[in-house]
Amino acid sequence: MKCSYCEGKMNESLSNYMTDIDGHFIIIKNVPCHKCLQCGEVSYSGKTVAKIEEIVTKLKEALTEVAIVEFAA
């Protein structure tokens with residue numbers, strides 16, 4: 001797989017996904033991804049994006065200022 005940004009080689013890896021929803025921060029740790037060895041660009045599969053959206057939706061209901069959760073496949 002090639003990076004869409006720099007065309008470098010993408011390897012399977014883990015990353016942290018961070019988002020800000022109305023001033024509340026959500027950090028999801030150890031998210032499976034493909035990461036470019038050259039520029040560090042991160043790409044998620046459709047299945048992973050769906051899981052991220054599911055986690056974020058659940059956390060929106062009980063948000064404090066910061067929420068940090070494990071991805072857990």
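Since we're looking at a predicted model, the values are computed, not measured. (Residues numbered from 1 in each chain as written. Predicted model: local features only at pLDDT ≥ 70, side-chain atom pairs only at ≥ 80, totals over all residues. Heavy atoms only, no water.)

Enumeration over the complete set of coordinates arrives at one salt bridge. We note a salt bridge from Glu54 to Lys58, for which the minimum N-O separation is 3.4 Å. In this pair, Glu54 and Lys58 are both assigned in helix H1 (residues 46-60), four residues apart and thus about one turn of the helix distant. Judged by relative accessible area, which is 38%, Glu54 ranks as partly exposed. (Salt bridge = Lys/Arg side-chain N within 4 Å of Asp/Glu carboxyl O. Helix = DSSP H or I, 4+ residues; strand = E, 2+ residues; numbered from the N terminus. Buried < 20%, exposed > 50% of the residue type's maximum accessible area, 1.4 Å probe, protein only.)

The phi torsion at Asp22 lies on the positive side, around 50°, for a residue other than glycine. Positionally, Asp22 belongs in the loop between strand S1 (10-21) and strand S2 (24-36). Classification of Asp22 as exposed rests on a relative accessible area of 75%. The phi angle at Asn30 is positive, at roughly 60°, despite the residue not being glycine.

Ile21, Ile26, Ile28, Val31, Ile52, Ile55, Val56, Leu59, Leu63, Ala67 and Phe71 form the largest nonpolar core, which has 11 residues in total. Among the elements that take part in this core, H1 stands out by supplying four residues, more than any other. (Core = buried A, V, L, I, M, F, W, Y, C linked by side-chain atoms within 4.5 Å.)

In this model, the chain carries an average pLDDT of 90, and 99% of its residues clear a pLDDT of 70 or more. Here strand S4 (residues 66-70) stands out as the element of the chain with the lowest mean pLDDT, 79, in contrast to strand S3 (residues 42-43), whose mean of 96 is the highest. (pLDDT = per-residue confidence, 0-100.)

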